[in-house]
Amino acid sequence: MGIKTVAVHSDVDSSAVHVKMADEAFCVGPAPTSKSYLNMDTIMEAIRQTGAQAVHPGYGFLSENKEFARRLAADGVSFIGPDTHAIQAMGDKIESKLIAKAAKVNTIPGFDGVVKVRVALLLHLSESLGSARGCTSDLLTVCESCSSEAADKSRTYILYYNCVCVFIQVLADKHGNALWLNERECSIQRRNQKVVEEAPSTFLDPVTRRAMGEQAVSLAKAVKYSSAGTVEFLVDSKKNFYFLEMNTRLQVEHPITECITGLDLVQQMIRVAKGYKLQHKQEDIPINGWAIESRVYAEDPYKSFGLPSIGRLSQYEEPLNLPGVRVDSGIQEGSDISIYYDPMISKLVTYGSTRAEALKKMEDALDNYVIRGVTHNIPLLREIIVHPRFISGDISTNFLPEVYPEGFKGHPLAAGEQRELLAAAAALHVAAQLRSQRFLGQQRVSSVPQERRNWELCVELDKGVHMLGGIKLNLNTGLSLCVPILLSIQCKTQNLLLLSKLAASLNKLMPEKIPEDTSSILRSPMPGTVVAVSVKPGDTVAEGQEICVIEAMKMQNSMTAAKTAKVKSVHCTAGETVGEGDLLVELE
């Protein structure tokens, strides 16, 4: 658009991609968000020093902060988003529900007031929602955690749902015009955070889509909304839909809406903020093709579907060589994934004329995505998109716990896949061995009189041992360690060890590591900061009782006792930074 940009960044983000792309950059403080990206005073100073005329808040931090929008307006700086009134009206879940009701928008029936966190009331609410009495203590823990994260500690809003989660994208200008830009299906979630999204939704028919779109526009007009925003609906099995909330900002998954409509939402937001009218009418908004987004995270998918992982990206290659693939990322090879910010690596988007085509492109893109240095969730993403239930469109917000009730364990290898994996591992091992005998393309002087042609190998795969003895491998000694083979292996299994016959025989003599008694020892499952410690030495704790809370990358995790016992020792304090595997508490 020809507009010069200024990037704000914390000190640890000084080499970030957005900093390098912008015309200017301004450091707004140290790594903690409260001292940098949430520090309004420093950001306002950056605006004054650089002479910025407008601010786009992105989709995090201050993007829905009415005070920030007010301060910008007071200084004559455009906020590329809605005005303060709309942010405030839609930012309060209780108030927004009442406004939605008045605008004739379907809302979830039930209690609309503030919940005081009391056991008696929670028991009544859980029973009215059909929950067992045993769930009440869990509900109380969740409510207390919710209250601790909320700005207003005294107000808690309870919502129960297991359904399809559909977002309607709206776009409105300052002249009373508003459009709905179709929907995004966002039901695949873990910890109430989206993992895989698609547009359009397999669940909606044209009549339901139009009804939802028209109600979303009615709500936007009711609060005089201007800019891009998203109205979130819950849809039950009978296609009854109910308003949940409105996100008064650009959302992470906006690229899939851009793919099927052809509109650049950020460009539209900038135009609206400048005061221009919308360029399109409702009949101009198409659904062209199908788009799918996978959120690639630095997370371990084998731990609660994804606990954060930190480290440096030692190797990073995006699959942009494939057609119909878009990657929105803020990192590059060499970037550090820290505990301070969201663990998202990128938004991987594929686009096709049909859903099947978009899914096949996503499968290929995940197979060709190279990430080394941190644990990532590509194995889980790939399993989701090839799962028969997902392919058929049978999805809900409970998809992951229903499909993987014991947690994600990786791809179960069929016999043919196991043979392919063993053969590929053997070939790659031999190719690496032969390559190590050469230097600058020339044969080294070797004590071995001639190249080996017969290899006896042992492969340990998921606790099984497979001998590849007496196999002749007819290899081109220039075999490349090609990316597709490596990524296919990575997506199928993570527990593969290949040894020579001699090394395997010696490995049997190694003493086995005695498993730790995890019922008596509580270790941090991820790097993070200790938010609270609820026990002290000598206390007696019950099984399932909260012992401490660890926060990392915008997520709080309650650590609980595995058994009823007395606390022997406590090895952490509130405010302390801990690493993955650090000892937190010992029980007798």
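Procedures and definitions
- Residues numbered from 1 in each chain as written.
- Predicted model: local features only at pLDDT ≥ 70, side-chain atom pairs only at ≥ 80, totals over all residues.
- Heavy atoms only, no water.
- Pairing = 2+ DSSP bridges.
- Helix = DSSP H or I, 4+ residues; strand = E, 2+ residues; numbered from the N terminus.
- Salt bridge = Lys/Arg side-chain N within 4 Å of Asp/Glu carboxyl O.
- Buried < 20%, exposed > 50% of the residue type's maximum accessible area, 1.4 Å probe, protein only.
- Core = buried A, V, L, I, M, F, W, Y, C linked by side-chain atoms within 4.5 Å.
- Contact = heavy atoms within 4.5 Å.
- Phe/Tyr/Trp six-rings, centres within 6.5 Å; stacked < 30°, edge-to-face > 60°.
- Lys NZ or Arg CZ within 6 Å of the ring centre and 35° of its normal.
- Axes fitted to C-alpha atoms, helices over the stretch in contact; angles between N-to-C directions.
- Patch = residues over 30% accessible without salt bridge, like charges linked within 9 Å, V, L, I, M, F, W, Y side chains within 5 Å.
- Areas by Shrake-Rupley, 256 points an atom, 1.4 Å probe, with all protein chains shown as cover.
- Arc of directions from axis to C-beta.
- Polar contact = N/O pair within 3.5 Å; in protein donor to acceptor, adjacent residues only side chain to side chain.

- The protein is annotated in an unreviewed UniProt entry as Propionyl-CoA carboxylase subunit alpha of Astyanax mexicanus.

## Observations concerning the sheet that holds strand 29 (residues 565-570)
The pairing of strands in a sheet comes from backbone hydrogen bonds and takes either a parallel or an antiparallel form.
Now for step 1: Here we have four strands laid out as an open sheet, ordered 24-31-29-26, and antiparallel in their pairing. In the strand order of this sheet, the two ends are held by strand 24 (521-523) and strand 26 (540-541), each with one partner.
Now for step 2: Where strand 26 lies against strand 29, two bridges are found, and the strand directions are antiparallel. When the sheet's bridge partners are listed, Thr540 is paired in strand 29 with Lys566.

## Some points on unusual backbone geometry
Now for step 1: The amide bond that connects Ala199 to the next residue, Pro200, takes the cis arrangement and shows omega of 0°.
Now for step 2: Within the element layout of this structure, Pro200 appears in the loop between strand 7 (193-199) and helix 8 (206-222).
Now for step 3: A positive phi is found at Lys224, a non-glycine position, where the angle reads about 55°.
Now for step 4: Within the secondary structure layout, Lys224 lies in the loop between helix 8 and strand 8 (227-235).

## Looking at the pattern of salt bridges
Now for step 1: On inspection of all chains with the given rule, the structure shows 31 salt bridges.
Now for step 2: For Arg209, the salt bridge goes to Glu183, with nearest N and O atoms at 2.7 Å. With a gap of 26 residues between them, Arg209 in helix 8 and Glu183 in strand 6 (residues 178-190) connect regions that are remote in the sequence.
Now for step 3: By relative accessible area, which is 11% here, Arg209 ends up buried.
Now for step 4: The buried category is assigned to Glu183, whose relative accessible area is 0%.
Now for step 5: Salt-bridge contacts for Arg312 lead to Asp336; the nearest nitrogen and oxygen are separated by 2.8 Å.

## Topic: the nonpolar core
Note on soluble globular proteins: their nonpolar side chains tend to be buried together.
Now for step 1: Counting residues in hydrophobic clusters, the biggest one holds 36 residues, and the most contacted among them are Ile345, Leu348, Tyr369, Ile371, Ile384 and Phe390.
Now for step 2: Of all the elements in the fold, those that place two or more residues in this core are strand 7, strand 10 (290-297), strand 15 (325-329), strand 17 (344-352), helix 11 (355-367), helix 12 (378-386) and helix 14 (399-403).
Now for step 3: Here Phe390 is in contact with Ile188, Val196, Glu198, Arg355, Leu359, Ile384, Ile385, Ile395 and Phe399, once residues within four sequence places are set aside.

## Observations concerning the side chain of Glu253
Now for step 1: Note on placement: Glu253 falls in the loop between strand 9 (241-247) and helix 9 (254-261).
Now for step 2: A relative accessible area of 0% places Glu253 in the buried class.
Now for step 3: Beyond its immediate sequence surroundings of up to four residues, Glu253 is in contact with Phe167, Arg184, Cys186, Lys194, Glu197, Glu293 and Arg295.

## So, the environment of Gly324
Now for step 1: Residue placement: Gly324 occurs in the loop between strand 14 (315-317) and strand 15.
Now for step 2: Residues Gly324 and Glu357, 33 residues apart in the sequence, show an inter-C-alpha distance of 9.6 Å.
Now for step 3: The contact partners of Gly324, leaving out residues within four places of it in the chain, are Val349, Thr350, Tyr351 and Lys361.

## Considering the packing of aromatic side chains
Now for step 1: Under the counting rule described, the total for this entry stands at eleven aromatic pairs.
Now for step 2: An angle of 90° between the planes, with centres 6.3 Å apart, marks the rings of Phe68 and Phe79 as edge-to-face. Highlighted residues: Phe68 in helix 3 (residues 66-74) and Phe79 in strand 4 (residues 78-79), separated in sequence by eleven residues. The same class applies to Phe68 as to Phe79, namely buried.
Now for step 3: Where Phe233 meets Phe241, the ring centres are 5.5 Å apart and the plane angle is 90°; that geometry is what we call edge-to-face. Pair check on accessibility: Phe233 and Phe241 agree, each one buried.
Now for step 4: Members of the aromatic cluster, each reached through a chain of ring pairs, are Tyr37, Phe61, Tyr340 and Tyr341.
Now for step 5: Above the face of the Tyr297 ring, Arg190 is positioned so that its terminal group lies 4.7 Å from the ring centre.
Now for step 6: The lysine or arginine in question, Lys239, covers the ring of Phe203, its NZ or CZ lying 5.7 Å from the ring centre.

## Thoughts on the environment of Thr257
Now for step 1: By the element assignment, Thr257 lies in helix 9.
Now for step 2: With 75 residues separating them along the chain, Thr257 and Asn182 place their C-alpha atoms 7.6 Å apart.
Now for step 3: Contact partners of Thr257, with chain neighbours within four places excluded, come to Gln169, Leu181, Arg184, Gly262 and Leu265.

## Quick notes on the sheet that holds strand 9
Now for step 1: Pairing within the open sheet is antiparallel, and its eight strands lie in the order 9-8-5-6-7-10-17-15. Looking along the sheet, the strands with just one partner apiece sit at the ends: strand 9 and strand 15. Here the strands of the sheet are splayed against their neighbours by 25° on average, with no regard to which way each runs.
Now for step 2: As defined by bridge partners, strand 15 adjoins strand 17 across five bridges and the pair is classed as antiparallel. Across the sheet, Ser329 pairs through a bridge with Ser346, a residue of strand 17.

## Concerning a nonpolar patch on the surface
Now for step 1: Taken together, Leu502, Leu506 and Leu509 make up a surface patch of nonpolar side chains, about 360 Å² in accessible area.
Now for step 2: The topology assignment puts Leu509 in the loop between helix 17 (501-507) and strand 24.

## Structural notes on helix 3
Now for step 1: Listed as buried for helix 3 are Phe68, Ala69 and Leu72. An end-on view of helix 3 places all buried positions within 100° of arc, on one side of the element. Structural note: helix 3 exposes Ala73 and Ala74 on the side pointing more than 90 degrees away from its buried face.
Now for step 2: Between a side-chain oxygen at the N-terminus of helix 3 and the backbone nitrogen of Glu67 the separation is 3.0 Å; the capping residue is Asn65.
Now for step 3: In the segment just after helix 3, Gly76 is the residue with positive phi, at about 75°.

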